[in-house]
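Fold and geometry: a report
Listed here are the chains, written in short residue letters.
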Amino acid sequence: VPCIQELRFKGKENHIIRLANGESYKLYFSGDEDERTNGVVILIKLSSIILCQDPDYTIFRIIGTDILIGGSLLGIISAYAPTEVSNDEEKKEIFYSELEKAVTPNRKYDGLLIGSDTNATTEEAKYRSYLGKLGTLPSPSENTNDNGMRLENFDIQNKLCVSSIFFQKTRG
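Scope of this entry: the structure provided in the associated data block. Counting restarts for each chain: residues are numbered from 1 in the order of the written sequence. This being a predicted model, a pLDDT of at least 70 is required before a residue's local features are given, and a value of 80 or more before pairs of side-chain atoms are given or counted; all residues contribute to the totals for chains, interfaces and linings. Hydrogens and waters are ignored; side-chain quantities use all the structure's heavy atoms.

1. Considerations on the pairing of strand E4 (residues 39–45)
- Taken across its 7 residues, E4 has 6 buried, putting it largely inside the fold.
- Of the pairings in the sheet, the one linking strand E1 (residues 3–7) to E4 comprises 4 bridges and is antiparallel in character. Along E4, the bridge assignment pairs Gln 5 with Val 40.
- Strands are labelled as partners when DSSP assigns at least two bridges between them. Secondary structure elements are taken from DSSP: a helix is a run of H or I of four residues or more, a strand is a run of E of two residues or more, and numbering for both begins at the N terminus. As judged from the 6 bridges shared by strand E3 (residues 24–31) and E4, these two strands associate in the antiparallel manner. In the sheet register, Phe 29 faces E4, and the bridge partner there is Val 41. Whether a residue is buried, partly exposed or exposed follows from its accessible area with a 1.4 Å probe, protein chains only, as a fraction of its type maximum: under 20%, in between, or over 50%, in that order.

2. Some thoughts on the side chain of Thr 118
- Tracing the backbone shows Thr 118 in the loop between strand E9 (111–117) and helix H2 (124–127).
- Residue Thr 118 is classed as buried on the basis of its relative accessible area of 13%.
- Here a residue-residue contact requires only that any non-hydrogen atoms of the pair lie within 4.5 Å. If near-sequence neighbours (up to four positions away) are discounted, Thr 118 is found in contact with Ala 81, Tyr 96, Asn 147 and Leu 151.

3. Some thoughts on the sheet that holds E1
- Across the sheet, which stays open at both edges, the 4 strands sit in the order E1-E4-E3-E2 with antiparallel pairing between neighbours. One side of each edge strand has no neighbouring strand; the edge strands of this open sheet are E1 and strand E2 (11–18). The average angle at which neighbouring strand axes cross in this sheet is 20°, direction not considered. Interaxial angles span 0 to 180 degrees and are taken between N-to-C directions of axes, which are lines fitted to C-alpha atoms, for helices over the stretch in contact.

4. Some remarks on the environment of Gly 64
- By secondary structure assignment, the location of Gly 64 is in strand E7 (residues 62–69).
- When the C-alpha atoms of Gly 64 and Ala 102 are compared, they prove to be 7.1 Å apart, with 38 residues separating the residues in sequence.
- In contact with Gly 64, not counting residues within four places along its chain, are Ile 42, Pro 55, Asp 56, Ile 76 and Ile 77.

5. As for helix H1 (residues 89–103)
- In this analysis, the expected span of each helix is defined as 1.5 Å times one less than the number of residues it contains. With 15 residues, H1 extends 21 Å between its outermost C-alpha atoms, agreeing within 8% with the 21 Å of an ideal straight helix rising 1.5 Å per residue.
- Buried residues of H1: Lys 92, Phe 95, Tyr 96, Glu 98, Leu 99, Ala 102 and Val 103, and no others. The buried residues of H1 occupy an angular sector of 165° when projected down its axis, which confines them to one face. Away from its buried face by more than 90 degrees, H1 exposes Glu 90 and Lys 101.
- Those residues of H1 hidden inside the fold are in contact with E7, strand E8 (72–80), E9 and helix H3 (146–157).
- Here a polar contact means two N or O atoms within 3.5 Å. Within protein one must be a hydrogen donor candidate and the other an acceptor candidate, and residues neighboring in sequence count only if both atoms are side-chain atoms. Of the residues that open H1, the one with a side-chain oxygen 3.2 Å from the backbone nitrogen of Glu 90 is Asp 88. Summarising the geometry, the arc corresponds to the directions from the helix axis toward the C-beta atoms.

6. Some points on H3
- Its 12 residues place the ends of H3 17 Å apart at the C-alpha level, agreeing with the 16 Å of an ideal helix rising 1.5 Å per residue.
- Taken as a whole, H3 has its buried residues at Asn 147, Gly 148, Arg 150, Leu 151, Glu 152, Phe 154 and Asp 155.
- Of the residues flanking the start of H3, the one acting as N-cap is Asn 145, its side-chain oxygen 3.2 Å from the backbone nitrogen of Asn 147.
- Remark: Lys 159 follows H3 within two positions and exhibits a positive phi of approximately 55°.

7. What about the pairing of E8?
- As judged from the 8 bridges shared by E7 and E8, these two strands associate in the antiparallel manner. Counterpart to Gly 64 in the pairing with E8 is Ile 77.
- Turn length for the E7-E8 hairpin, with the two strands adjacent in sequence and antiparallel, is 2 residues, and the turn residue Gly 70 shows positive phi of about 60°.
- Pairing of E8 with E9, which is carried by 7 bridges, proceeds in the parallel orientation. Bridged to Ile 76 within E9 is Leu 113.

8. Focus on the nonpolar core
- Definition of nonpolar core: a set of buried residues of the types Ala, Val, Leu, Ile, Met, Phe, Trp, Tyr and Cys, connected through side-chain atoms within 4.5 Å. Counting 13 residues, the largest nonpolar core has Ile 62, Ile 77, Ala 79, Phe 95, Tyr 96, Leu 99 and Phe 154 as the members making the most contacts within it.
- Looking at this core, the elements with two or more residues in it are E8, H1 and H3.
- Once residues lying within four places of it in the same chain are set aside, the contact partners of Phe 154 are Tyr 96, Leu 99, Glu 100, Val 103, Ile 114 and Leu 160.
- Core analysis: the next-biggest nonpolar cluster, separate from the first, contains 10 residues, Cys 3, Tyr 28, Val 40 and Ile 67 among them.

And the structure:
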């Protein structure tokens, strides 16, 4: 289930995509209502063994759905955090508050996948795959930005792990 961020779609919609090989996918997206920015997508293969609920659109930066596959209930969330450059504390607070609501529903998942662009730089995730397994975080390093600290705290509070965060950035 691909989760994609930074799409330039407006509003909240879904579309069926049919490939030449006969496979079909449902594309759910949510973007800013006024501008073509900050959109997120979940793409789900249509199949008789995959049942998907209509997505829950919290804010345009977060979209989530439940998928029943092979008797297992999976929660899928695609999220795009405000950038570090924006330095807008209110947007960041709203984002993490809404993400918190999205990961703590009244149902018990067999698995939860959050595909996100958190705009975070964190040294911690390079060394521990499960944040919080030692119980405490070391003091922030010079390589951890504000979004990185927010991500680490969110993961610890929700007992989540970061599985991949590595993108090469050019330093300028």
